[in-house]
Amino acid sequence: ERLNVIKATLGDASGAKDDLKLISGVGPKYESTLNSIGIYTFEQVSKMTPDAIKAVEEITNYFPGRIERDDWISQAKTLMNK
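This write-up is about the structure you can find in this document. (Residues numbered from 1 in each chain as written. Predicted model: local features only at pLDDT ≥ 70, side-chain atom pairs only at ≥ 80, totals over all residues. Heavy atoms only, no water.)

Observations concerning helix α4 (residues 50–60)
Piece 1. Regarding α4, the residues found buried are A52, I53, A55, V56, E57 and T60.
Piece 2. The first or second residue beyond α4 is N61, which carries a positive phi of 55°. (Buried < 20%, exposed > 50% of the residue type's maximum accessible area, 1.4 Å probe, protein only. Helix = DSSP H or I, 4+ residues; strand = E, 2+ residues; numbered from the N terminus.)

Put into structure tokens, the structure is as follows:
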């Protein structure tokens, strides 16, 4: 169910893949974890909603609140425009 929330909100990467490690707070291990649940692009990260963030945190057991604290959404939007 949580994966459905993520897919419905963020969409499919359609084979595209960005270097998510450019987002502060994402290291190689967590990038791999995000990829394993279908998150590959800055565009997908930029579309995160509170529900999608909660689903990602629950699935990955990542530090609660970290995505908001590090403002991944704004970082992703900035990286998309480079």
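Points about the pattern of salt bridges
It is possible for side chains of opposite charge to pair when their charged atoms get near one another.
Piece 1. Enumeration according to the criterion identifies 6 salt bridges in this entry.
Piece 2. Linking E43 and K47 is a salt bridge whose minimum nitrogen-to-oxygen distance equals 3.5 Å.
Piece 3. Residue E43 is classed as partly exposed on the basis of its relative accessible area, which comes to 43%.
Piece 4. By relative accessible area, which is 37% here, K47 ends up partly exposed. (Salt bridge = Lys/Arg side-chain N within 4 Å of Asp/Glu carboxyl O.)

Details of unusual backbone geometry
Piece 1. Backbone geometry places S14, a non-glycine residue, at a positive phi of 50°.
Piece 2. Within the secondary structure layout, S14 lies in the loop between α1 (2–10) and α2 (28–36).
Piece 3. Accessibility expressed as a relative area gives 63% for S14, which makes it exposed.
Piece 4. You will see that D71, though not glycine, has its phi angle at about 50°, which is positive.
Piece 5. Mapped onto the elements of the fold, D71 is located in the loop between α5 (66–69) and α6 (72–80).

Focus: the packing of α1 against α4
The geometry of a pair of packed helices is captured by two quantities: the angle between their axes and the separation between those axes.
Piece 1. The interhelical angle for the contact between α1 and α4, taken along N-to-C directions, is 140°, at an axis separation of 9 Å. In terms of orientation, α1 and α4 fall into the oblique class. As α1 runs across α4, the sense of the crossing is left-handed. Contacts from R2, L3, V5, I6, T9 and L10 in α1 reach D51, A52, A55, V56, E58 and I59 in α4. (Axes fitted to C-alpha atoms, helices over the stretch in contact; angles between N-to-C directions. Parallel < 35°, antiparallel > 145°, perpendicular 65-115°, else oblique. Left-handed = near helix turned anticlockwise from the far one by under 90°. Contact = heavy atoms within 4.5 Å.)

So, the side chain of E57
Piece 1. Along the chain, E57 falls in helix α4.
Piece 2. Here E57 occupies a buried position and makes no salt bridge, while the nearest side chain of opposite charge, R69, is found at 7.3 Å.
Piece 3. The residues contacting E57, other than those within four sequence positions of it, are Y62, F63, P64, G65, R66, I67 and E68. (Lys, Arg positive; Asp, Glu negative; His and termini not counted.)

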